[in-house]
Amino acid sequence: MVVVSGKLETRGTADDAMSSSDAEDELIEPATPTPTSAAFSLQDKVHPLQLPEVIPLNVGGMSFTTRLSTLLRYEDTMLAAMFSGRHYIPTDAEGRYFIDRDGTYFGDILNFLRCGDLPLQERVKMVYKEAHYYSIGPLLDILDKMQPLSGEKVRQAFLDLMPYYKDHLERIIDIGKHRAIQRKARFAKLKVCVFKEEMPITPYECPQFNALRFERSESESKHFEHHCEVDVSFGPWEAVADVYDLLHCIVTDLSERGITVEHQCIGVCDKHLVNHYYCKRPIYEFKITWW
């Protein structure tokens, strides 16, 4: 009887069976965790790295030692993110944290983070480059107002008046290289015209120049349009900076490309234009030495 009674008690209607199945389904945990539960589970497993207070560094093969608080001085920098404990940092054979970057100017970066020291003027450009890499905004703001960076902004404002300036520099390099290779020579010479004023003049016309410049009609001005027989021509422009200032820019920018260049004025363009007007734009000889 007990056995029969037990079987009877386990029987039920179809609705009862459905309810029991639903109840069991509610107790079964899903096989794939939901995003919320996954994030919660991941957060439980990930723990910030416990970094030492004194940090040994290997920056491109150069050794440095600093405090963790120094690297975390400004929270929006790449160094602060690297040593926040949230990221893996590789170490070298001696256990120093490795940064795959040239360490030549890293000492200047550390000195600024330590006590706000600024680099010497001759190191400003390269330290600015490193500060940009490490995203150190406060240092970038200060260096941006120092020489030579502040002077470079003024110079660039002048060069912006000549939209083809960089193209002309490339042309000087290409022509000089081609001539040196063609002649199997150590150096090459080019003719470069650098003129500030747009309208050509002759020495005895200078007093009338302003009137001539602004009163000529468009058809008359065409008589004065020509290209000097040179390799490259710079100008005209409207600014206080003169021809010698532009020549200085050209030589400086070529030198930064590792190109040795000398220049001298070899005369003016004497091309006859119309009536008694001749082009008097100065012509310079550029000598590029390749080795």
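Located above this text is the structure these notes cover.
What you are looking at is a predicted structure, and each value in this text was computed from that prediction instead of being measured. (Residues numbered from 1 in each chain as written. Predicted model: local features only at pLDDT ≥ 70, side-chain atom pairs only at ≥ 80, totals over all residues. Heavy atoms only, no water.)

> Just to check I follow, could you spell out the overall build of the protein for this structure?
Regarding its fold elements, the protein presents 13 helices and 9 strands. Put simply, the protein has 291 residues, and 32% of those count as buried. Of the contacts formed within the protein by residues at least 6 apart in sequence, a portion of 65% connects residues at least 24 apart. Carbon together with sulfur atoms contributes 54% to the accessible area of the protein, which is approximately 19,300 Å² in total. (Helix = DSSP H or I, 4+ residues; strand = E, 2+ residues; numbered from the N terminus. Buried < 20%, exposed > 50% of the residue type's maximum accessible area, 1.4 Å probe, protein only. Contact = heavy atoms within 4.5 Å. Areas by Shrake-Rupley, 256 points an atom, 1.4 Å probe, with all protein chains shown as cover.)

> Looking at this structure, how should I read the packing of aromatic side chains?
Geometrically, a pair of aromatic rings is defined through the distance of the ring centres and the angle of the planes. By the definition in use, this model includes 7 aromatic pairs. Ring geometry for Phe64 and Phe106: centres 5.1 Å apart, planes at 65°, overall edge-to-face. Residue Phe64 is located in strand β2 (residues 62–67), and its partner Phe106 is located in helix α6 (residues 106–115); the two are separated by 42 residues in the primary sequence. Of the aromatic side chains, those joined through ring pairs into one cluster are Phe64, Phe106, Tyr133 and Tyr134. (Phe/Tyr/Trp six-rings, centres within 6.5 Å; stacked < 30°, edge-to-face > 60°.)

> Mind showing me how you'd approach the state of the cysteines here?
In a disulfide, the sulfur atoms of two cysteines are covalently bonded to one another. Counted by the stated rule, this structure contains 0 disulfides. Considering cysteine sulfurs only, Cys269 is the nearest to Cys228, which forms no disulfide, with 3.8 Å between them. The thiol of Cys265 is unpaired, and the distance to the nearest cysteine sulfur, on Cys193, comes to 9.8 Å. (Disulfide = S-S within 2.5 Å.)

> Honestly, the sheet that holds strand β6 (residues 260–268) in this entry has me stumped. Any pointers?
Note: strands within a sheet are paired through backbone hydrogen bonds, in either parallel or antiparallel orientation. A sheet is described by the order of its strands in space; here 4 strands give the open sequence β5-β4-β9-β6, paired in mixed fashion. The sheet is open, and its two borders are formed by β5 (232–234) and β6, each paired with just one other strand. For this sheet, the mean angle separating the axes of adjacent strands, direction not counted, is 30°. Where strand β4 (residues 187–194) lies against β5, 3 bridges are found, and the strand directions are parallel. Paired with Val194 across the two strands is Phe234, which belongs to β5. Across the sheet, helix α10 (residues 165–183) is in contact with β4, β5 and β9 (282–289); its angle to β4 comes to roughly 150°. Contacting β4, β5, β6 and β9, helix α13 (residues 243–256) crosses the sheet at an angle of about 15° to β9. (Pairing = 2+ DSSP bridges. Axes fitted to C-alpha atoms, helices over the stretch in contact; angles between N-to-C directions.)

> Looking at this structure, I do not really get unusual backbone geometry. What am I missing?
For residues that are not glycine, phi is negative in most cases, and the peptide bond is trans in most cases. With omega at 5°, the peptide bond leading from Gln147 into Pro148 counts as cis. Along the chain, Pro148 turns up in the loop between α8 (137–143) and α9 (149–159). The residue after Gly235, namely Pro236, is reached through a cis peptide bond having omega 0°. Along the chain, Pro236 turns up in the loop between β5 and α13. Unlike most non-glycine residues, Ser135 shows phi in positive territory, near 55°. Residue placement: Ser135 occurs in the loop between α7 (124–133) and α8. Even without being a glycine, Lys184 presents a positive backbone phi close to 55°. Mapping Lys184 onto the fold places it in the loop between α10 and β4.

> What should I look at first to understand α13 in this one?
A turn of α-helix holds 3.6 residues, and therefore any two residues three or four places apart point the same way. The end-to-end C-alpha distance of α13, which contains 14 residues, comes to 20 Å, matching closely the 20 Å that a straight helix rising 1.5 Å per residue would cover. Restricting attention to buried positions, one finds in α13 the residues Val243, Leu246, Leu247, Cys249, Ile250, Val251, Asp253 and Leu254. Considering only its buried residues, α13 is in contact with α9, α10, β4, β5, β6 and β9. Of the residues that open α13, the one with a side-chain oxygen 3.1 Å from the backbone nitrogen of Tyr244 is Asp242. Residue Gly258 follows α13 closely and has a positive phi angle near 80°. (Expected span 1.5 Å × (residues − 1). Polar contact = N/O pair within 3.5 Å; in protein donor to acceptor, adjacent residues only side chain to side chain.)

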